[in-house]
Amino acid sequence: MSEKLIVDTRVTVETPEGVDFQFMIAGPGKRGMSFLIDTILKLGVIVVCLLLVTTLAGISGEISGIGVGIFLVTWFAMSWLYGSCFEAFWNGQTPGKRSQNLRVVRTNGTPIGWFEAFGRNLLLVADGMPVLGPLALNTVGLLSMAATRRMQRLGDLVFDTMVIDEA
């Protein structure tokens with residue numbers, strides 16, 4: 001008789017009042033799709049900013065320091081603040097996560113705050129480090145997710161969060 005290995009992505013959290021909540025952990029497929037959607041949105045904002053700066057430069061004849069500054073601030077905001085701000089103010093969701101019905105919560109099931117949102121997004125850099133060649137395909141993050149019961153990447157482990165599937 002052969003036994004089938006069943007992957008259970010449910011996590012039960014017990015509150016101090018003795019009430020149990022069950023959460024479905026989001027897998028790498030849905031998380032990857034939400035990451036792709038967020039990346040496309042960030043690149044779209046950066047491209048629009050670049051087009052505005054170059055259009056203004058075309059009118060005046062040269063790119064001013066202000067135009068370059070605006071572009072660099074936009075690039076910085078999209079790279080470092082996009083995920084943090086959306087997750088902090090949209091109750092653990094970015095537009096990509098919202099489209100996939102995903103949400104970031106603490107491992108005890110409570111909503112995340114600004115500190116957790118900023119910290120876990122700061123560690124995306126470590127998750128994206130290439131291990132298996134020159135391409136940064138979030139190898140460290142995927143290995144970390146495969147090694148933990150709650151499919152947590154490094155940012156989730158350090159800041160005690162998990163991504164749940166609300167669908």
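For clarity, every value in this text was computed on a predicted model and none was experimentally measured.

Reading guide: rules and limits
- Residues numbered from 1 in each chain as written.
- Predicted model: local features only at pLDDT ≥ 70, side-chain atom pairs only at ≥ 80, totals over all residues.
- Heavy atoms only, no water.
- Helix = DSSP H or I, 4+ residues; strand = E, 2+ residues; numbered from the N terminus.
- Buried < 20%, exposed > 50% of the residue type's maximum accessible area, 1.4 Å probe, protein only.
- Contact = heavy atoms within 4.5 Å.
- Areas by Shrake-Rupley, 256 points an atom, 1.4 Å probe, with all protein chains shown as cover.
- Pairing = 2+ DSSP bridges.
- Axes fitted to C-alpha atoms, helices over the stretch in contact; angles between N-to-C directions.
- Phe/Tyr/Trp six-rings, centres within 6.5 Å; stacked < 30°, edge-to-face > 60°.
- Lys NZ or Arg CZ within 6 Å of the ring centre and 35° of its normal.

(A) Here's a closer look at the overall build of the protein. When helices and strands are counted, the protein shows seven helices and four strands. Sequence-ordered secondary structure for the protein, helices as α and strands as β, is β-β-α-α-α-β-α-α-α-α-β. Looking at the protein residue by residue over its 167 residues, the buried ones come to 36%. Here the contacts in the protein between residues at least 6 apart in sequence split such that 61% fall between residues at least 24 apart. Taken as a whole, the protein presents about 10,400 Å² of accessible surface, with 69% of it coming from carbon and sulfur.

(B) Focus on unusual backbone geometry. Backbone geometry at Asn-101 places phi at a positive 60°, although glycine is not the residue there. Looking at the secondary structure, you find Asn-101 in the loop between helix 3 (95–99) and strand 3 (102–106). Phi at Met-151 is positive, roughly 50°, even though this residue is not glycine. Of note, Met-151 is situated in the loop between helix 6 (139–147) and helix 7 (154–158).

(C) How the structure looks around the sheet that holds strand 3. One open sheet holds the four strands; their spatial order is 1-2-4-3, and the pairing between them is antiparallel. With partners counted over all chains shown, the strands left at the sheet margins are strand 1 (10–14) and strand 3, one partner each. The average angle at which neighbouring strand axes cross in this sheet is 45°, direction not considered.

(D) A look at the packing of aromatic side chains. For the coordinates displayed, the defined rule picks out six aromatic pairs. Each ring, one from Phe-86 and one from Trp-90, has its centre 4.8 Å from the other, and the planes form 65°; the classification is edge-to-face. Overall, Phe-86 belongs to the partly exposed group, its relative accessible area being 24%. Exposure remark for Trp-90: the relative accessible area of 30% places this residue in the partly exposed category. Plain terms: the ring middles of Phe-115 and Phe-159 are 5.3 Å apart, the flat faces sit at 70° to each other, and that makes the pair edge-to-face. Within this pair, whereas Phe-115 is found in helix 4 (residues 114–122), its partner Phe-159 is found in the loop between helix 7 and strand 4 (161–165), the two being separated by 44 residues in sequence. For Phe-115, a relative accessible area of 60% puts it in the exposed group. Here a set of aromatic residues connected by ring pairs shows up, and it is made of Tyr-82, Phe-86 and Trp-90. Against the face of Trp-90 rests Arg-98, its NZ or CZ located 4.0 Å from the ring centre.

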